[in-house]
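# Coordinate inspection notes
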Amino acid sequence: MTFPDDVAGGLYAELIDAQLQEERDRKTSLEQRGIAVLTAAGTLVTLVFGFATFVRGMNPVALSTLSIGFFVAALFFFVAAAAAGILSNRPTNYLELDEKELNRLTSDAIWSWNNRVVAGQRVAQAKVVIITAARKQNASKATLVRLAIAGLALATLLLAATAASVVVHGR
């Protein structure tokens, strides 16, 4: 949207457009991270079950209570991390202009209106509402991704503690 040189709206519109694009990019990034955590959790759970198979192989090893506790806790956190990763990708209603509003904006009366400054301001106001709603949704996704990463890290540490316990204590 273009504005006369003596109106500051053009400068604000550029800033608002950049903020809107940033929130849309952030949404995509958060969803990609959530899937990455899910993939990593799946891989590590496979390793956990490989470890369990090894321990229970031809010469079964009786795990100590401590090792079993670490192992069960690791599984819990792997599942929790995977769940948070999935939830970070759940379909969410991001606010956009609805069809009624889009049709109103393209009606003859609004489309041919000759006050570009006020029209630009209204467009900017609509974008600000969209940005505000996107930030709330993205904050929720970011929290889930942080929880997923923390759960994955904790599960990995607990799995390492299980392995260390088996190596040090022989069970």
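Report on the accompanying structure. (Residues numbered from 1 in each chain as written. Predicted model: local features only at pLDDT ≥ 70, side-chain atom pairs only at ≥ 80, totals over all residues. Heavy atoms only, no water.)

Relative placement of two packed helices is described by the angle separating their axes and the distance separating the axes. It is at 7 Å that the axes of helix α2 (residues 65-87) and helix α5 (residues 116-169) come closest, and there the two elements cross at 160°. Classified by the interaxial angle, the pair formed by α2 and α5 is roughly antiparallel. Two packed elements cross with a definite hand, and for α2 against α5 that hand is left-handed. Class assignment of the residues belonging to the contact of α2 with α5 gives a composition of 20 nonpolar, six polar and no charged. (Axes fitted to C-alpha atoms, helices over the stretch in contact; angles between N-to-C directions. Helix = DSSP H or I, 4+ residues; strand = E, 2+ residues; numbered from the N terminus. Parallel < 35°, antiparallel > 145°, perpendicular 65-115°, else oblique. Left-handed = near helix turned anticlockwise from the far one by under 90°. Nonpolar A, V, L, I, M, F, W, Y, C, P; charged D, E, K, R; others polar.)

To continue, consider the environment of arginine 24. Secondary-structure assignment places arginine 24 in helix α1 (residues 9-55). By relative accessible area, arginine 24 is classed as partly exposed at 35%. Beyond its immediate sequence surroundings of up to four residues, arginine 24 is in contact with Glu96 and Ile130. (Buried < 20%, exposed > 50% of the residue type's maximum accessible area, 1.4 Å probe, protein only. Contact = heavy atoms within 4.5 Å.)

By the definition in use, this model includes one aromatic pair. Relative to phenylalanine 77, the ring of phenylalanine 76 has its centre 5.1 Å away and its plane inclined at 80°; by these criteria the two rings are edge-to-face. With relative accessibility at 25%, the residue phenylalanine 77 sits in the partly exposed group. Positioned over the ring face of tyrosine 94 is lysine 27, at 5.2 Å from the centre of the ring. (Phe/Tyr/Trp six-rings, centres within 6.5 Å; stacked < 30°, edge-to-face > 60°. Lys NZ or Arg CZ within 6 Å of the ring centre and 35° of its normal.)

Geometric values such as these leave the question of function open.
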